[in-house]
Every structure is written in C-alpha cells, then in structure tokens.
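Chain and residue survey
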There are 2 protein chains.
Amino acid sequence: MTTRLYNAKILSMIDNQDIFDGEIQVTDNKITYIGNYADDSKSVGSKASSFDKEIDCEGNVLLPGFKNAHTHSGMTAFRSLADDLNLQDWLNNEIFPREAKMTAEDVYWLTKLAYLEYLTSGITACADMYLTPESIFDASEEFGMRCQMVSGLNKFGPTLEVLERRYNELNGKSDLVGFLMGVHAEYTCDKELLESVSELIHKYKAPLYTHMSETKTEHEECIKRYGMTPMALFDSLGLWDFGGGIYHGVWCDDADMEIMKKRGLRIITNPASNAKLASGIAPISKYLEKGIEVAIGTDGPSSNNCLDFFREMFLVTALAKIKDNDPKAVDAMEVLKMACVNGAHAMELVDNDALAVGKLADIIMIDLYQPNMRPILNISKNIVYSGSKTNIKMTMINGKILFKDGRFSDTIDVDAIYNKCEEITKRLR
Amino acid sequence: MTTRLYNAKILSMIDNQDIFDGEIQVTDNKITYIGNYADDSKSVGSKASSFDKEIDCEGNVLLPGFKNAHTHSGMTAFRSLADDLNLQDWLNNEIFPREAKMTAEDVYWLTKLAYLEYLTSGITACADMYLTPESIFDASEEFGMRCQMVSGLNKFGPTLEVLERRYNELNGKSDLVGFLMGVHAEYTCDKELLESVSELIHKYKAPLYTHMSETKTEHEECIKRYGMTPMALFDSLGLWDFGGGIYHGVWCDDADMEIMKKRGLRIITNPASNAKLASGIAPISKYLEKGIEVAIGTDGPSSNNCLDFFREMFLVTALAKIKDNDPKAVDAMEVLKMACVNGAHAMELVDNDALAVGKLADIIMIDLYQPNMRPILNISKNIVYSGSKTNIKMTMINGKILFKDGRFSDTIDVDAIYNKCEEITKRLR
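1. What about the packing of helix 2 (residues 104-120) of chain A against helix 3 (residues 133-143) of chain A?
Axes are the key here: two packed helices are described by the angle between their axes and the distance separating the axes. All names here are of chain A. The N-to-C vectors of helix 2 and helix 3 enclose an angle of 40°; their axes lie 8 Å apart at closest approach. Here helix 2 is positioned oblique relative to helix 3, judged by the angle of their axes. Crossing of helix 2 against helix 3: the hand is right-handed. Residues Ala-104, Glu-105, Val-107, Tyr-108, Thr-111, Lys-112 and Tyr-115 of helix 2 touch helix 3, and the partners they reach there are Glu-134, Ser-135, Ile-136, Asp-138, Ala-139 and Phe-143. When the residues that make up the contact of helix 2 with helix 3 are grouped by side-chain class, the tally is seven nonpolar, two polar and four charged.

2. As for the environment of A:Asp175
Inspection of the secondary structure puts A:Asp175 in the loop between helix 4 (160-170) and strand 10 (177-185). Taking the C-alpha atoms as reference points, A:Asp175 and A:Glu141, separated by 34 residues in sequence, lie 8.9 Å from one another.

3. Some points on the pairing of strand 12 (residues 244-248) of chain B
Residues and elements named next belong to chain B. Most of strand 12 sits inside the fold, with five of its five residues counted as buried. Note: strand 11 (residues 208-212) against strand 12, five bridges, orientation parallel. Residue pairing for strand 12: Met-212 is matched across the bridge by His-248. Judged from the three bridges that link them, strand 12 and strand 13 (residues 266-269) form a sheet pairing that is parallel. Looking at strand 13, one finds that Tyr-247 is bridged to Ile-268.

4. Thoughts on the relation of the copies chain B and chain A
Each copy superposes on the other: chain B lies on chain A with an RMSD of 0.0 Å after a rotation of 180° and an axial shift of 0.0 Å. The transformation just described matches what one would write down for a two-fold rotation axis. Residue B:Thr390 of chain B places its C-alpha closer to the rotation axis than any other residue of that unit, at 2.8 Å. A share of 100% of interface residues in chain B that are also interface residues in chain A marks the association as one of identical surfaces.

5. Regarding the interface of chain B and chain A
Each partner contributes residues to the interface: chain B has 50 residues there, and chain A has 52 residues. Breaking the side of chain B that touches chain A down by element, the ones donating at least two residues are helix 2 (104-120), helix 9 (271-276), helix 11 (309-324), helix 13 (379-386) and helix 14 (414-428) of chain B. Here the side of chain B that touches chain A takes six residues from helix 11 of chain B, the largest share from any one element. Residue composition of the side of chain B that touches chain A, by class: 22 nonpolar, 13 polar and 15 charged.

6. Let's talk about the sheet that holds strand 11 (residues 208-212) of chain A
Residues and elements named next belong to chain A. An order of 7-8-9-10-11-12-13-14 is seen for the eight strands of this open sheet, with the pairing classed as parallel. In this open sheet, the two strands that pair with only one neighbour each are strand 7 (66-71) and strand 14 (294-296). Averaged over all neighbouring strand pairs, the angle between strand axes comes to 25°, with direction disregarded. One ladder, built from four bridges, connects strand 10 with strand 11; its direction is parallel. Looking at the pairing, Gly-182 lines up with Tyr-209 of strand 11.

7. Quick look at the sheet that holds strand 8 (residues 123-128) of chain B
Two strands in a sheet stick together by hydrogen bonds in their backbones, pointing the same way (parallel) or opposite ways (antiparallel). All names here are of chain B. As summarised here, the arrangement of the eight strands in space is 7-8-9-10-11-12-13-14, forming an open sheet in which the pairing is parallel. The sheet is open, and its two edges are formed by strand 7 (66-71) and strand 14 (294-296), each paired on a single side. Going across the sheet, the axis of each strand differs from the next one's by a mean of 25°, ignoring polarity. When strand 9 (residues 146-150) meets strand 10 (residues 177-185), the two strands line up parallel, connected through four bridges. Within the sheet, the bridge partner assigned to Cys-147 lies in strand 10 and is Val-177. Lying over the sheet, helix 11 contacts strand 7, strand 8, strand 13 and strand 14, oriented at roughly 145° with respect to strand 14.

8. With respect to the domain arrangement of chain A
All names here are of chain A. The domain architecture assigned to chain A consists of domain 1 (2-64 + 352-408) and domain 2 (66-345). Here the C-alpha centroids of domain 1 and domain 2 sit 28 Å apart. Taken together, the contact pairs 25 residues of domain 1 with 26 residues of domain 2. Every element with two or more residues in the side of domain 1 that touches domain 2 is listed here: strand 6 (61-64), helix 13 (379-386), strand 16 (392-397) and strand 17 (400-404). No other element matches helix 13, which puts five residues into the side of domain 1 that touches domain 2. Broken down by class, the residue content of the side of domain 1 that touches domain 2 amounts to 13 nonpolar, seven polar and five charged.

9. Section: the environment of B:Pro133
All names here are of chain B. Within the element layout of this structure, Pro-133 appears in helix 3 (residues 133-143). The exposure class assigned to Pro-133 is buried, which follows from the 27 C-beta atoms found within 10 Å. For the pair formed by Pro-133 and Ala-104, sequence separation is 29 residues and the distance between their alpha carbons is 8.4 Å. The contacts of Pro-133, once residues within four sequence positions are left out, are Met-149, Arg-166, Leu-170 and Phe-179.

10. Quick look at helix 3 of chain B
All names here are of chain B. Residues Pro-133, Ser-135, Ile-136, Phe-137, Ala-139, Ser-140 and Phe-143 constitute the buried set of helix 3. The inward-facing, buried residues of helix 3 abut helix 2, strand 8, strand 9, helix 4 (160-170) and strand 10. Phi for Gly-144, located one or two positions after helix 3, is positive at around 100°.

11. Here we look at the packing of helix 4 of chain B against helix 5 (residues 191-204) of chain B
Residues and elements named next belong to chain B. Between helix 4 and helix 5, the shortest axis-to-axis distance is 11 Å and the interhelical angle comes to 20°. As far as their axial angle goes, helix 5 and helix 4 are roughly parallel. Between helix 4 and helix 5 lies a crossing whose hand is right-handed. Contacts between helix 4 and helix 5 pair Leu-160, Leu-163, Glu-164 and Tyr-167 from the former with Ser-196, Leu-200 and Tyr-204 from the latter. Grouping the constituent residues of the contact of helix 4 with helix 5 by class yields five nonpolar, one polar and one charged.

12. Some remarks on the environment of B:Ile201
Residue and element names in this part refer to chain B. With respect to the helices and strands, the residue Ile-201 is situated in helix 5. Among the residues examined, Ile-201 registers 23 C-beta atoms within 10 Å and is labelled buried. Setting aside residues up to four positions removed in sequence, Ile-201 forms contacts with Met-181, Ala-206, Leu-208, Leu-239 and Phe-242.

13. Structural notes on the confidence of the model for chain A
Low-pLDDT portions of the prediction should not be read for the details of their coordinates. Averaged over every residue, the pLDDT of chain A is 96; residues scoring 70 or more account for 100%. Both scores are available for the predicted complex, with the pTM at 0.97 and the ipTM at 0.97.

Rules used in this analysis
Residues numbered from 1 in each chain as written. Chains lettered and ligands numbered in written order. Predicted model: local features only at pLDDT ≥ 70, side-chain atom pairs only at ≥ 80, totals over all residues. Axes fitted to C-alpha atoms, helices over the stretch in contact; angles between N-to-C directions. Helix = DSSP H or I, 4+ residues; strand = E, 2+ residues; numbered from the N terminus. Parallel < 35°, antiparallel > 145°, perpendicular 65-115°, else oblique. Left-handed = near helix turned anticlockwise from the far one by under 90°. Contact = placed C-beta atoms within 7 Å. Nonpolar A, V, L, I, M, F, W, Y, C, P; charged D, E, K, R; others polar. Buried ≥ 20, exposed ≤ 12 C-beta atoms within 10 Å, placed from the backbone. Pairing = 2+ DSSP bridges. Least-squares fit on C-alpha atoms with pLDDT ≥ 70 in both. Domains from an automatic or database assignment. pLDDT = per-residue confidence, 0-100.

Here you go:
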C-alpha cells in the first residue's frame, strides 16, 4: 500500500530544517520518500512509480502528529461529572469510588471515545496510564492508535507480579502498542513498594514514569515524610537509573532539576489540568534553561476536560509568559518541538518524532484555508498561537488515514462508541 | 422569511431557566416562537403555519451567540507578525508604523477576515475599536455581522468633531451596526482632551468605553502623573456619568472597583491577550464578588493571535482558578453568562442577550455529535471546559444563517477575502 501526499508544505521538525514545498510518499507504515519540487537534490528516498492513493494537499502543511505524552484516556466517563473541586476531593470522593465499578470492557469503549477526540486534535500517539491494560491494548490495536501504556502501580494494586507479566506480555506483540514501567505517585506508594519497583526496573533496565510534584501539598508532605523531595526520594532508591520522566512537575525545585538533568529525565507538563485544578503553573522556562526536555500531555478528560492539543500548546506558552512576567518566554517553535518531537521521546519512541525517510508515517495536515490561519506570515506561530482543532484536515497513524475533512475512517464505528459510552456513564453515575 | 429550528435542546440563558427540548421559530430577524414539545404550556409566541426553511437540529443545543465585547478586528493584518514582545515595544515599533500605512479599504477587507473567524467560533456580535469606522460599517453591513464600533480617540487623532460627526452619522442607520463613544486609553490622551470628551458625553448622555489598567506600568504611571488611578481620574472628570466600561482592567484595585460598582461600569476581560503579552491575570473573582458585570473579549488578532471564544472562555475560568488558588473559582455557567449575556450589555445592546420571543435571532448551534461533547453529563460544563470551534454547527445573525456545517454562506466570497488580505499584508510588511 503506497500513498502519495503531494502539493504540500512540509514542516519536518528536523532541527534547523525550514518549511519547504514538496511531497511525501508512504509505503505501508513508513515514509519512503520526501521530495522537493523545485530542487531535486533535496529529495530523499526512492520514488514510487504507482500509488494506491494520491492526495492533493492543496498547499496545506504536513507535520509529525502531536504526542499526548500523559493521559488517562478512559476517564472520558467522568467528563463534566465533578468539576470545580480540589485534586484530593475530586480523586478520593468522586473518581476512585466510580473507578472501582469499572470493567475492562468499560475501559475499552471509553478509551476509544478519547481516541476519536485525539484524531480531531491531530494526536497520533498517547502515553496512557489507566486501568485494565489488556483492554486498552485491544482498543488501540483495533482503532489504530499508537499507544504506550504506562503502569499506574500503587499500594492498592496491581501486584508487582502482574506488572512484570504485563511488561513481558504487552511489549513486542504489536507495532502500535507498548507498555512502560510506571508507578502512580509517591503518595500512593509506600517505601517498600518503591524498593521492589526499583529491583524490577534494574532487572529489565527499564525507564520509569510517574506523577510527581503535581500539587504543593503532595510535594511538601513527601518532604515531611522522608526529609526529601519526591524527586530526591526516587533518586535515592535508584528509580531513575534507567531514565524516564515525571508527569506534572509543577513544584520541582532547582535541586530536583539537577537530578533530572543528571538522569536524563523528561518533564511532561499538563497545563490545562494544572490550571483547572488550581495546582499551579509549572516552571517551563526553568526546565528549558537547565536543558531538560519538556513534553506535553492533556491529562485525563475528567480533570481537563478536553483532549485538545491546540489548547495545551497555547497554554504552555501563555502560562509561561505569565509566570515569568515575560512575553518573550517559550516561543512557538519551542512549543511545537515539545508537541511533536519531545513527546515521542517522553514515551520512549524514536521513529515517529519527525518527517524523514524511514520514520513511521504518523502525519497530520494543517488546513491553511481557515480564517484563523490567514494571513500566512509565520506558520509555526499561526499553529501555536492561533490554531484550533478546525485546522486538522487529516490525521494519519502508522500509514493509515483515520480522520480526514471532519470524517472518521469507515473502520471506526462512531455511533457504537458514543452509545456504549453513554450507557456506561449512566451505570457509573 | 420564517425559519424553523426544531428538534433542539434550548439553553435560553434566561436566569434560572434550565435547558429544555423544543424548537425556535424566527421571522425575519426576530424570534417569534419558542416551544416545548412535551409541555405546550411552556410555549411562548405564535406558531407559524408554514416555513421558508426548516432545520432539524438533531438534538443539538441552541443558545444565544457569543459576544466578543472587545476587539480590533482589522488587526488580522498583523497576526503572527510580531509576537513575543512586551506591549509597548509591540505597539510602538511594530504596530503603529504599519497602521499609519493602512487605508480604509484595507480595514474593510481585514475586518471581513476577522468576521469569518467569528462565525467559526460562534461569535454573533463584536465591539470593535479600530481605524476608519466608515469602512468597518460597510464591511459589517455587507457581511451581516452585528458590530458596535467604539471610538479609539487619542491625542494623535481623530478630532473631537470627527468623533461627534461619526456618532451622529453612524448610529441609527443600520439595524446591525452602531457607534459608541470611547477613548483609546488614559496614557494616549492628555487631560484637556479627556475634559473635552467629558463635555461631549454629557451633551449626548453617552456611556464611555476605554482600555484601562491593562499593564502594571501604565496603571502606575497614571498614579505618578495625576496622583490617582486611571479609574479615579476618569471619574473625577465625569467620564463615567453615563456608565460604560473598561477593557482589560488587570490592575484595578478595590477603590477602582467601588467606583465601577457605583457607576454601573462593566469590565471586559481579555485573558489570552493579557497572558500572551504577560500583562497579568485580571481579578475576575473580585469583580464578581463586588457585583460588577464581567464580559469577555478576544482583543485583536495581533496580540492574541486568534479569535476563538472557546479558548477565551476556558482561560477566564482556568486563570481565575490559578490566581485565586481555588479550583472552585468562576464556574462554567458564570462564564457562559459572561459570553452570551453580559457581553451584549457591555456593547450597549439588550435585544440579543437571550433566546426569547421578541429578541433578535442571534443564535448558535453546538454540535453534540463530536467526541469532546461526550458523554452528555453537563452541557454548560462541556461547552466551557471541553468545547472548541469544531462544535459550532451553525451561526445565525439577525435571522440569517451565515455559517453551517463548516461552510460559509454563499453571500460571502471567502477566496476574495483571503486573497485581498494576503495582498494587503504583503504591502504593509
């Protein structure tokens, strides 16, 4: 299967490569050719002689898909159910009791609902920490979404044996779906559990991901408990020996950042969720100054409440400008790099971070024929400062077009997803 | 001309009226009937017996259009031209020199470009402070946009005579367009000029609108200059004797708010612009506590850079939650009221603030068949916390459908607007 995307503007997200006019050819799930009309010396790969599908991009922009580097997709069940609460009330009183009633099949459908929204927002991969990984695996495979599941292990479950079994069983059996080692958070694990997790990651030389320093209270309570920050505690237990990253990181201090730099950790920021729950504004400029890679996540649809990468991208820069009291803080191209490139790294993927021959065909098309993209003075600034979901003209994952011109692929039964999710939500309410 | 919008959920924005299933009938530019299928006693107005157009709303939501209560529409020319600068550098070095080269015809086309974007975002009226009101008048009338122009008088122009002439000539000759008294800002007017404006508003008993206390510097320099805040200065000159409102109001203090309460002034907040220019976060909860009406504006597309009311609505609540360190601050219904109802008041309109018989037919339809609106647990929270432009299924202004299902009305030449605006932008660059 070979698809030709011609008459495009290509924003490859390869360092220092300017946007150029050209075309991309995709064979099966990979990019096999990128060409420049005017200058053949800039073409790379081998041109196909015939195509199964040819798409005229009409001068619109192709770029690598956005990577939602932290989410809980299945929490669509709780969208607009329990807003305007603080994080601990919301989790303990509203979410945990309902999650206790959720089945694997519920998670399967609720995850697919989130995936529909990802397509409309140009998200081509997600790092999903949620219940019942086996049914998330099935949902992702069937739907065609690239998903790195992340274990949310904590003292209430699952066991370490289950985590290890999932790590072995769910990796390597799909080119779309994988499973990463993770724990929910310092405050939901005791020290013994964290020590056992450390043994496990040393056994597999695996990077680790976790929620960390999301709220001031949580950060300070860890200091009271252990005499050190969550970041330092994890470091003292060897949990960062193989890298990984932290979700939120709103309250990390300079010493935490030094550890992150030393261990090659990433910070995955969730600006809408942190704002809506009044957790605070993450110090993005500081992370960047220290040379720490920043990626972006939507967090779950229950705390956000939407899964809109344009809103997240604007918030990353807008909140940084407010926090730093500096309108020059974190410019548009830096934010696009977080969304397309760093996000891939923060889910331990390397083949979907840029548009280049040999890379996976996770490609989106930005519609320049919408009024918010006009005039065309600076495309990256237009995308980050002015873009919206209405600009997503196409979302391709692993070489397959799953969303185009406002319509989902025929392989997806949208009505079934909507109806099942309404049913499930009623039952859980 | 009678249009029937049936099979809808109606969110009238009348105080204490819950959302209900029903239909709306529009004759010419007004709502003539609102009916409830299940309960005829809840129907108001007279049913038409035949229709020129019947639209099945398929269970989607009808509500009053969003009111963009502060903007500079014609600044589309400068979108993504000069970002990441502080307000004074941006205005003095990038914007003012280019605006000096703009013609009335330029403003005509650039305004229409903004209007296209308003339609995609459910905006049915705007309060537009910009150059060449005569050509904005023409653009609004031709396009079909409801627009209250606001004079941006300052010491560089125009003269007071021109303001007075425009006030008399541009009011009362269109049911779509009007002209309000305004000055650009304290810092661009001297005291003598403000005194003359005061005489003029007393002559016409006219409310006054102005940019005020947008940046800390501007607020403090006024105190240095006059020994009082901009709000107190204007009050001392009698400029608030007939009401009106202020744009931005990021740095107003308690005493300023007391004046606003006493004079019945509104605050029009512009959260995206204030964040992007690092001007700060307006104290929205405080305004609400004092009983001051809050409305919302996008500000111009050069400082924002988009004209997306969903982004603004989310920012109003998200930034309030951060500023107050309280996730309960400013809930969704409060924000919807700002967008639909208070915005009308803040542009001195009363007949387009709600869906009721006799009101103007400025109506939008929210598409619930998008994944970000599912499940349907709480519609107002879905709109404010999860909504995006992709949810705008229809925008009707003054009884005319100008945007539906992603397409602009045939009465609008979209290509001509795009092409003209690219030309103009090249010349001004």
